[in-house]
Amino acid sequence: MLLWRITKNEMYRDWAWDAALAIEEHCRADFGYTNLKDVTVSGSLRKDDSQPSYFLAETLKYLYLTFCDEDTISLDAFVFNTEAHTLPIKTKRRADGASVYAGLYVPK
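All values reported here derive from a predicted model rather than from experimental measurement.

*Asks:* Where do I start with the overall build of the protein chain in this structure?
*Replies:* When its secondary structure is counted, the protein chain shows 3 helices and 7 strands. Counting from the amino terminus, helix and strand elements in the protein chain follow one another as α-α-β-β-α-β-β-β-β-β. Residue burial in the protein chain is summarised as follows: out of 108 residues, 21% are buried. Across the protein chain, the fraction of contacts at a sequence separation of at least 24, relative to all contacts at a separation of at least 6, is 26%. Only carbon and sulfur atoms are counted for the fraction: they give 56% of the accessible area of the protein chain, which is about 8,000 Å².

Here you go:
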């Protein structure tokens, strides 16, 4: 999501879409999605019997943010932690009109 938003390189959206399709194909279960027990053995994608909590909270959130409108959430106003939670960036305006984002000086 971040690489797409910063570079606008369609390759990152393509990779995200490929990941979404692979999740749908290989991890879909009767009542949600599941882990695969061992992805290193070709042709042996055995499903686990659980859906990890981070799947909805992180994986699907980052996929959504990769394809949603950019004005859904501003990267100038928020950063994301490792669990895809947004944290607001505190902004200070200097007397010369420059901004300071989370301690980073950005000239006018």
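Alright, that's what it looks like, and here's the rest.
*Asks:* Quick question: what am I supposed to make of the side chain of R13 here?
*Replies:* With respect to the element layout, R13 can be found in helix α2 (residues 10–27). Although R13 is buried, it makes no salt bridge; E10 carries the closest opposite charge, 4.2 Å away. Residues within four places of R13 in sequence aside, it is in contact with W4, T66, F67 and C68.

*Asks:* Even after reading the chapter, I still don't get the packing of aromatic side chains, so can you show me in this structure?
*Replies:* Any aromatic ring pair is given by two values, namely how distant the centres are and how the planes are angled relative to each other. Tallied over the full model, the rule gives 4 aromatic pairs. Here the aromatic rings of Y62 and F80 are separated by 6.0 Å at their centres, their planes lie at 55°, and the arrangement is tilted. You can see Y62 sitting in helix α3 (residues 53–67) and its partner F80 sitting in strand β3 (residues 78–80), a full 18 residues away along the chain. Seen from the ring of W4, K8 lies directly overhead, with NZ or CZ sitting 5.7 Å from the centre.

*Asks:* Quick question: what am I supposed to make of the pattern of salt bridges here?
*Replies:* Oppositely charged side chains may form a pair once their charged atoms are brought near each other. Scanning the entire structure with this criterion turns up 2 salt bridges. Residues E70 and K8 are paired through a salt bridge, measuring 2.6 Å at the closest nitrogen-oxygen approach. Of this pair, E70 sits in the loop between α3 and β3 while K8 sits in the loop between α1 (2–7) and α2; the two residues are 62 residues apart in sequence, bridging distant segments of the chain. On the accessibility criterion, K8 (37% relative accessible area) is partly exposed.

*Asks:* Is there a simple way to explain unusual backbone geometry in this structure?
*Replies:* Trans peptide bonds make up the majority, and among non-glycine residues the majority have a negative phi. Positive phi, normally seen in glycine, also occurs at K8, with a value near 60°. The phi dihedral of A84 falls on the positive side, at around 65°, and the residue is not glycine. In this structure, A84 sits in the loop between β3 and β4 (86–88).

*Asks:* Could you clarify how one ought to interpret α2 in this entry?
*Replies:* Turn by turn, an α-helix covers 3.6 residues, leaving residues three or four places apart pointing in a common direction. Between its first and last C-alpha atoms α2 spans 25 Å; for 18 residues at 1.5 Å apiece the expected length is 26 Å, and the two agree. Every buried residue belonging to α2 is among R13, A16, I23 and C27, and all of these are buried. On an axial view of α2, the arc spanned by its buried residues comes to 105°, and they lie on one face. Residues of α2 that are exposed and angled more than 90 degrees away from the buried face: W15 and E25. On its buried face, α2 is in contact with α1, β1 (28–29), β2 (32–33) and α3. Between a side-chain oxygen at the N-terminus of α2 and the backbone nitrogen of M11 the separation is 2.9 Å; the capping residue is N9.

Calculation notes
Going along each chain's sequence as written, the residues are numbered from 1 onward. The predicted nature of this model means local features are confined to residues of pLDDT at least 70 and side-chain atom pairs, given and counted, to a pLDDT of 80 or more, with totals for whole chains, interfaces and linings taken over all residues. Derived side-chain values reflect all non-hydrogen atoms in the structure, with water molecules and hydrogen atoms excluded from consideration. Each helix is a run of DSSP H or I of at least 4 residues and each strand a run of E of at least 2, with the numbering of both proceeding from the N terminus. With a 1.4 Å probe rolled over the protein chains alone, any residue whose accessible area is under 20% of its type maximum counts as buried; one over 50% counts as exposed, and the rest are partly exposed. By definition, residues are in contact when any of their heavy atoms lie within 4.5 Å. For the area figures, the Shrake-Rupley method with a 1.4 Å probe applies, and any residue is considered shielded solely by the protein chains shown. Positive: Lys, Arg. Negative: Asp, Glu. His and the chain ends are not part of the count. Salt-bridge detection follows one rule: a side-chain nitrogen of Lys or Arg within 4 Å of a carboxyl oxygen of Asp or Glu. What counts as a ring pair is set by centres within 6.5 Å for rings of Phe, Tyr and Trp (its six-membered ring), and what kind of pair is set by the plane angle: stacked under 30 degrees, edge-to-face over 60, tilted for all other angles. We count a charge as sitting over a ring when the NZ of a lysine or the CZ of an arginine lies within 6 Å of the ring centre and within 35 degrees of the ring normal. Any helix carries an expected span of 1.5 Å times its number of residues minus one. What the arc measures is the spread of directions leading from the helix axis to the C-beta atoms. Throughout this description, a polar contact denotes any pair of N or O atoms lying within 3.5 Å of each other; where both atoms belong to protein, one of them has to be capable of donating a hydrogen while the other can accept it, and for residues adjacent in sequence the pair is counted only when both atoms sit in side chains.

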